[in-house]
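Commentary on secondary and tertiary structure
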Amino acid sequence: MQRAAATPETPPADAAPTAGAQTPSAADAFLRAFRGSFTSALRWHHLDALWQVLRTDADGGWYLYAVGEPPPDAPASAEQVRRFLDEIDALLRREHDEDYCGIVYADDLQAPSFVKIYDPNNLGVVCGFSDNPPLPGWIMSKLAPVDLPAAQPAPRGRRRWWQRLFG
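Predicted model only: the values in this text are computed from it and were never measured.

**A short note on the overall build of the protein**
What the protein contains, in helices and strands, is five helices and six strands. Walking the protein from its N terminus toward its C terminus, one meets helices and strands in the order β-α-β-α-β-α-β-β-β-α-α. For the protein, with 167 residues in total, the buried portion stands at 39%. Taking the contacts inside the protein whose residues are at least 6 apart along the sequence as the reference set, 74% of them involve residues at least 24 apart. Accessible area for the protein stands at about 9,100 Å²; split by element, carbon and sulfur atoms hold 51% of it.

What follows is the structure, encoded as structure tokens:
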């Protein structure tokens with residue numbers, strides 16, 4: 001299985017979270033975990049094993065976050081977690097028509113607490129380096145999530161444009 005130092009999306013350390021009434025320390029913890037080290041479920045059988053671990057821990061306090069939607073305020077129920085796993089598995093197998101998976105990352109495949117699931121229709125440069133990497137489509141986390149799109153810095157070209165306009 002592949003091990004990566006971090007997946008590509010790296011919000012700045014000073015990015016201000018905008019989710020609900022979350023405390024700065026909780027938001028910082030989420031962003032640190034988000035930028036942490038992850039392992040890919042490279043092959044479909046690795047993904048099957050990860051799903052089984054997550055099903056076993058369905059009542060473990062998982063937040064289910066569809067990036068781009070408002071972050072959830074509370075963990076999902078065990079039934080919601082199991083339904084999400086069934087539905088996301090079906091979506092990935094239907095829309096990621098490859099003989100490998102490689103678009104689901106966990107902080108620990110045997111005892112996960114943070115899982116990033118990339119949208120097969122918005123992969124961009126998931127592996128390697130990109131100046132504007134895609135965010136995952138979905139996140140499962142035991143930490144309350146922050147609004148990731150709002151925490152991302154504007155692309156440098158846009159920032160320069162803004163500074164010329166109002167700088």
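**Overview of the packing of helix H2 (residues 44-56) against helix H3 (residues 78-95)**
Packing of H2 against H3 brings their axes to within 10 Å, and their N-to-C directions diverge by 170 degrees. If you check the angle between H2 and H3, you find them roughly antiparallel. Between H2 and H3, the residues in contact are Trp 44, Leu 47, Asp 48, Trp 51, Leu 54 and Arg 55 and Val 81, Arg 82, Leu 85, Asp 86, Ile 88, Asp 89, Leu 92 and Arg 93, respectively. In terms of residue class, the contact of H2 with H3 is built from eight nonpolar, no polar and six charged.

**Some details on the pairing of strand E6 (residues 138-141)**
Of the two faces of E6, the one holding Trp 138 and Met 140 and the one holding Ile 139 and Ser 141 are both buried throughout. When strand E3 (residues 63-66) meets E6, the two strands line up antiparallel, connected through four bridges. Bridge assignment links Tyr 63 to a residue of E6, and that residue is Ser 141. Note: strand E5 (residues 114-117) against E6, four bridges, orientation antiparallel. Bridge pairing in E6 places Val 115 opposite Met 140.

Cut-offs and rules
Residues numbered from 1 in each chain as written. Predicted model: local features only at pLDDT ≥ 70, side-chain atom pairs only at ≥ 80, totals over all residues. Heavy atoms only, no water. Helix = DSSP H or I, 4+ residues; strand = E, 2+ residues; numbered from the N terminus. Buried < 20%, exposed > 50% of the residue type's maximum accessible area, 1.4 Å probe, protein only. Contact = heavy atoms within 4.5 Å. Areas by Shrake-Rupley, 256 points an atom, 1.4 Å probe, with all protein chains shown as cover. Axes fitted to C-alpha atoms, helices over the stretch in contact; angles between N-to-C directions. Parallel < 35°, antiparallel > 145°, perpendicular 65-115°, else oblique. Nonpolar A, V, L, I, M, F, W, Y, C, P; charged D, E, K, R; others polar. Pairing = 2+ DSSP bridges.

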